[in-house]
Structures are given as C-alpha cells and as structure tokens.
Amino acid sequence: MATLTAVRPAFGGFSFDNCKRNAVLEIEASKVGCSVPAARKTGTTICGVVFKDGVVLGADTRATEGMIVADKNCSKIHYISPNIYCCGAGTAADTEMTTQLISSNLELHSLSTGRLPRVATANRMLKQMLFRYQGYIGAALVLGGVDCNGPHLYSIYPHGSTDKLPYVTMGSGSLAAMAVFEDRYKPDMEEDAAKQLVRDAIAAGIFNDLGSGSNIDLCVITKNKVNYIRPHDEANKKGVRFCLPNSCSA
Amino acid sequence: MRGQPLLSPVIHREKMAAAPVMMPYFGQQISSKSDLVPDWTRQEVSTGTTIMAVEYDGGVVIGADSRTTTGAYIANRVTDKLTRIHDKIYCCRSGSAADTQAIAEVVAYQLGFHSIELDEPPLVETAANLFRASCYRYREELTAGILVAGWDKRKGGQVYSVPIGGMLVRQPVSVGGSGSTYIYGFMDANYKPGMNKEQCMEITAAALSLAMERDGSSGGVVRLASISEEGVERRVILGNQLPKFSTH
C-alpha cells in the first residue's frame, strides 16, 4: 500500500534541488574519468574539556584537499564572542562561515540584551542553522565557553544534533583523542592538568590519524580571561625527525 | 549512495510495504572521495535506542538507554533521551538525533506559549498532538519515533506513542526504538494492568536491560523518570547495577 506523493510547490525555505543534480554530475564525471574538485576539508582532531575554572579547547592545524595538505598551519579555533570559542571540523569553508555568522548575530544579540552571551545561546543558534540545511553544511563543531552559569562544552554535528558533555572530541582523529580522554579525564581538574590532557589528546590524533597533523593549538577560557595559545606545541617541526624514544629508524 | 545508518537501527513496523525510496535523501551528505576522513564522520547521528513508557494509577514511568551512534562509533554514551517538554510532560526520543532534538525544542516552545495563554498546566494530549502535527506534516523529511508521557489534572498519567510516519495513539504501555523488537515478548508476558510505581520502575529497568543486552545500538546506562502529581523523580542505573539475566 504505497502512499501517494504529490509534488509540493515550494513555498519558502531552502531548495535542495541542485543537490541531486550535483550527485548525478559526480557520477557522470567519474565515468568519464575526471573528478569533481574536492572541497578543502579539515581532516582534523578537535577536542574540549571542562575543568575546575573553565574550559580548554584544542585543535591540530592541518587542512587537507583530498590527499594533499593544503595548509600546514591553519587556525581551527574560531572566535564566537569574548567568552566563547568554537573549534571546527569538516569542510573548512563551512566551519569558517558558520562560526562567523553566528558570532556576528551573537554580538548583535548581546548588544540588544545588554548582557554577556551565553554558551547555550550560541549552541541554539548553531544547531538551528545546521538543521535548517539538513546536513549539507559539513560543519562538526566543539563549542566551549564560560558564562554567568559557569563553564559549558557542547559538541554539534552537521545535521544539527548537539550533546552537552564534560569532554568531547570531533573530526577524523576523534577516536584517538577520545581514547586519551576516557583513560585520563577526571572531574574538576586544575588548569595545567587540563591543558596537558588536551595536548595529549590532540597529539594522539596527530600521530595516529592521517587527516590530522602539524601543530597543537590551545584555547583556555576562564571566567575573566581567554588564553589563545597558538601554537602551544610544535609537534611536527620541518626537518626534525619524529623518533620514538629508544628506537629510531635511520 | 552513502550508507543509510538511520534505517537499519529503526523499526518500520508502522509502514506497510513502504517503498524505500520514500525515506529521506536529505539525510545523506554529498560524498567526498577523501580516504583520510573515515566513513562514520559523514554518517548522521542516530539515537539507536530502546525507549519505554508505562502508565500507572497516579502517573507514568518512562525509561531509556543512553547510547547515541554515528554508524559504528558511539558519539555519546551518556545521552539523556528523556527530554523535558513541560514541568510534568516528558518525551522519549528515538531515531535521528538532530530531527528529534529539533522537534522537541519546537514543541517545547509551542507548549510553553500555549500554557501561558491558558494560564494553566498544559494537557499531555495537547503535547502529543503538537508532536503528531510536526511528525505527520514533515513525515517525508523526518526520522523520529517519539513517546510522549506525563501527568495532567484531567486524565492523570498518560502515554502517547508517535511513531515514524506521524500516527498518534494512546497506550497504557509502549516501547520504541531499535531495541524494542527484542522486548515485545517480555512486555506481553510480564506487564499487568494495576501495577504501582515501584513495580513499573522495576519492569522498565528489566525490559531496558534485556534490550540493551541484545541490541547493538542500545547501551550505556538506564535513565528512569517517574512523573506524577508530586513532580518528577529521576533515577540513573549504572551498567554494573543493571539487573542481570544471563547465567553465563
């Protein structure tokens, strides 16, 4: 018993018609032997952790175009508001523009309310926008900040679902980073311990995931201060061989 | 087409011989050939799930597991799928995480507005109808199976089921999600009308444990809540404290 599908005339809202056309074009192109230009993706390892006085966000700095590293030192921790920052994984353009748009809207909102913006507000704005575009905006985000209600950390997926957690990882290297977190996370850590934990989690992503690499950026957000440390750790200096202690292949 | 993780964990009981082509294309992302980005990062987040709601005289008991998956990776192992819609009305979410979160937030807004207009706590049936309105209108685009449960002054404890497709039906007991298929038999055998709150809590915890044991998309902890005239009482049963049924 099939249901009848009548073609609804489009009344407002985003039209996804071209997406089907694009999918067909991609198949046609591969038949002829050429390939559609790949969007630059931040392969990525990003993560965040809530500690006693705030949140620590971390990210690697490699941006890939297919199999090639397009940018060895890109910045993946984006400014949202003086007390809120957001790491982005997925399509680089999408994360950049999405965070800029919400940052702009949040500043206007903050002027209107006369208050410092809350992390939950940024979360709502981001998830509602991503849901509206039904996952076609490939932005996977780790949103963190400190507001009047304390420190908060959210993970936001491209389709618009969010999770509020004490520690999150996203991106292709997220499994490696999550392994570090699951082993060593403790509630109410001190700032130095939290920074070391995030540094180690990103390092795990950098060394075990091909889509992540180069340096480690950190952003420590506390009630009155933001410490944007870029780079925190130059894990892959040019010309310096990576050697495991006690073993080195020539 | 890039894999459709939404479909396999979610049951299709309510759809009679539905053509698979009707399922949302909108759920897929444009494919990229990059091998560096593994498959599961491009798959939609699904609350694989087992959810359950039981009426008793004076209120309802609701329960859910706590696992959210993207493909084979568990994105959140401590999810709270029992979402507050109003003071004494909650919903249990299954299906696509993005879809159910968006719908629940819209309904919570609509119901809050309606309640202020009424100057009275809203009815559970009203909340259920708001869910049904969204789920039916956008049935082609959404993957959401929801249980609406709560207490109001007019009819006491009520459970309404709004499965995929947007049907609305009131039931004394309802289960949902991918893990529910494993516990229909258990429910039919063990549920008896006229149970009190503690018995409902026990049967919910037992049923969810059984489903979590068998369903790969369900797991983590068991979250329970009871809603009655007195208010909402929430409990968490951790993995090692779950009732055990296996002898080996």
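Predicted model, so just to flag it, every value in this text is computed and none were measured. (Residues numbered from 1 in each chain as written. Chains lettered and ligands numbered in written order. Predicted model: local features only at pLDDT ≥ 70, side-chain atom pairs only at ≥ 80, totals over all residues. Heavy atoms only, no water.)

1. Considering the confidence of the model for chain B
All names here are of chain B. For the record, the criterion: Confidence of the predictor at the level of single residues is captured by pLDDT, which takes values from 0 to 100. Numbering of helices and strands runs from the N terminus; a helix is a DSSP stretch of H or I covering at least four residues, while a strand is a stretch of E covering at least two. Residues are treated as being in contact if the distance between any of their heavy atoms lies within 4.5 Å.
The predicted model of chain B has a mean per-residue pLDDT of 86, with 81% of residues at 70 or higher. The least confident element of chain B is strand β1 (residues 45-47), whose mean pLDDT is 65; the most confident is strand β10 (residues 169-170), at 98. Low pLDDT, under 50, characterises residues 1-33; the predicted model gives this stretch 67 contacts beyond four residues in sequence or across chains. Here the complex is predicted with pTM 0.82, and the ipTM for its interfaces comes to 0.80.

2. Structural notes on the packing of aromatic side chains
All names here are of chain A. Inclusion rule: Under the pairing criterion, centres of Phe, Tyr and Trp rings, with the six-membered ring standing for Trp, must be within 6.5 Å; the plane angle then separates stacked pairs below 30 degrees from edge-to-face pairs above 60, leaving the rest tilted. The cut-offs for exposure are 20% and 50% of the maximum accessible area for each residue type, with area from a 1.4 Å probe on protein chains only; residues under the lower value are buried, those over the upper are exposed, and the others partly exposed. Either the NZ atom of lysine or the CZ atom of arginine qualifies as a charge over a ring when it sits within 6 Å of the ring centre and within 35 degrees of the ring normal.
What the rule picks out here adds up to five aromatic pairs over all chains. Ring centres 5.9 Å apart and planes at 55 degrees place the aromatic pair Tyr85 and Tyr228 in the tilted group. Of the two residues, Tyr85 sits in strand β7 (residues 84-91) while Tyr228 sits in strand β13 (residues 226-233), which places them 143 residues apart along the sequence. Each ring, one from Tyr167 and one from Phe181, has its centre 5.8 Å from the other, and the planes form 65 degrees; the classification is edge-to-face. Taken together, the residues Tyr167 in strand β11 (residues 167-170) and Phe181 in helix α4 (residues 174-184) connect sequence positions 14 residues apart. Per residue, the accessibility class of Tyr167 equals that of Phe181, and both read buried. Through a chain of ring-to-ring contacts, three or more aromatic side chains come together here, namely Tyr79, Tyr85 and Tyr228. The ring of Tyr154 carries the charged tip of Lys164 above its face, separated from the ring centre by 5.6 Å.

3. Overview of the pattern of salt bridges
To be explicit about the condition: Salt bridges are counted wherever a side-chain nitrogen of Lys or Arg sits within 4 Å of a carboxyl oxygen of Asp or Glu.
Tallied over the entire structure, the rule returns 17 salt bridges over all chains. Between Lys52 of chain A and Glu190 of chain A there is a salt bridge, with the nearest N and O atoms lying 2.8 Å from each other. Remark: Glu190 of chain A occurs in the loop between α4 and α5 (191-208) and Lys52 of chain A occurs in the loop between β2 (46-50) and β3 (54-59); sequence separation between them is 138 residues. Take Lys52 of chain A: its relative accessible area is 42%, and that puts it in the partly exposed class. We note a salt bridge from Arg170 of chain B to Glu55 of chain B, for which the minimum N-O separation is 3.1 Å. Linking Arg170 of chain B in strand β10 with Glu55 of chain B in strand β2 (residues 51-56), this pair joins segments that are 115 residues apart in sequence. By relative accessible area, which is 37% here, Arg170 of chain B ends up partly exposed. Given a relative accessible area of 15%, Glu55 of chain B falls into the buried group. If you follow the salt bridges from partner to partner, you end up with Lys197, Glu198, Glu233 and Arg235 of chain B in one network.

4. Observations concerning the packing of α4 of chain A against α5 of chain A
All names here are of chain A. The cut-off we apply is this: Working convention: axes come from line fits to C-alpha atoms, limited for helices to the stretch in contact. Angles between N-to-C directions cover 0 to 180 degrees. Crossing chirality is assigned from the near helix's rotation relative to the far helix, an anticlockwise turn below a right angle marking it left-handed and a clockwise turn marking it right-handed. We call Asp, Glu, Lys and Arg charged. Ala, Val, Leu, Ile, Met, Phe, Trp, Tyr, Cys and Pro are nonpolar, and the rest, Gly among them, are polar.
Running from N to C, α4 and α5 point in directions that differ by 145 degrees, and their axes come no closer than 7 Å. In the crossing of α4 with α5, the sense of the turn from one axis to the other is right-handed. Taking contact as the criterion, the partners of Ala176, Ala177, Val180, Phe181 and Arg184 in α4 are, on α5, Gln196, Leu197, Val198, Asp200, Ala201, Ala204, Gly205 and Asn208. For the contact of α4 with α5, the class distribution of residues is eight nonpolar, three polar and two charged.

5. Remarks on unusual backbone geometry
Residue and element names in this part refer to chain A. Of the consecutive residues Arg230 and Pro231, the connecting peptide bond is found in the cis state with omega at -5 degrees. Turning to its location among the elements, Pro231 is positioned in strand β13. Unusually for a residue other than glycine, Gln134 sits at a positive phi of about 50 degrees. By the element assignment, Gln134 lies in the loop between α3 (119-132) and β8 (139-147). Among the residues examined, Gln134 registers a relative accessible area of 15% and is labelled buried. Positive phi values are uncommon outside glycine, yet Ser214 reaches one of about 65 degrees. Accessibility expressed as a relative area gives 10% for Ser214, which makes it buried.

6. Let's talk about the UniProt feature "active site" (unreviewed entry) in chain B
Residue and element names in this part refer to chain B. To keep things clear, this is the line we draw: UniProt positions are given in the numbering used here, feature names are shortened, and annotations may be inferred rather than shown by experiment.
When the UniProt feature table is mapped onto this chain numbering, "active site" (unreviewed entry) sits at Thr49. Summarising the element assignment, Thr49 is placed in the loop between β1 and β2. Discounting residues that sit within four places of it in the chain, Thr49 has contacts with Asp65, Lys81, Arg93, Ser94, Gly176, Gly177, Ser178, Gly179, Asp215, Ser217 and Ser218.

7. Some words on the state of the cysteines
All names here are of chain B. For the record, the criterion: Defined by distance alone, a disulfide is two cysteine sulfur atoms within 2.5 Å.
Counted according to the given criterion, the structure contains zero disulfides over all chains. Lacking any disulfide linkage, Cys91 is separated from the closest cysteine sulfur, that of Cys92, by 6.9 Å. Owing to a relative accessible area of 0%, Cys91 belongs among the buried residues under this scheme. Unpaired in terms of disulfides, Cys135 finds its nearest cysteine sulfur in Cys91, a separation of 9.6 Å.

8. Points about the sheet that holds strand β11 (residues 173-176) of chain B
Residues and elements named next belong to chain B. What counts is decided by this rule: Any two strands are treated as partners once DSSP identifies two or more bridges connecting them.
Strand order in the open sheet made by the five strands is β11-β2-β3-β12-β13, with antiparallel pairing throughout. Each edge of the open sheet is held by one strand with a lone partner, namely β11 and β13 (231-237). Along the sheet, successive strands turn relative to each other by an average axial angle of 10 degrees, direction set aside. Where strand β3 (residues 59-64) lies against strand β12 (residues 222-228), six bridges are found, and the strand directions are antiparallel. The partner of Gly59 across the bridge, within β12, is Ser228. Running over the sheet, helix α4 (residues 197-214) touches β2, β3, β12 and β13 and is turned about 165 degrees from β2.

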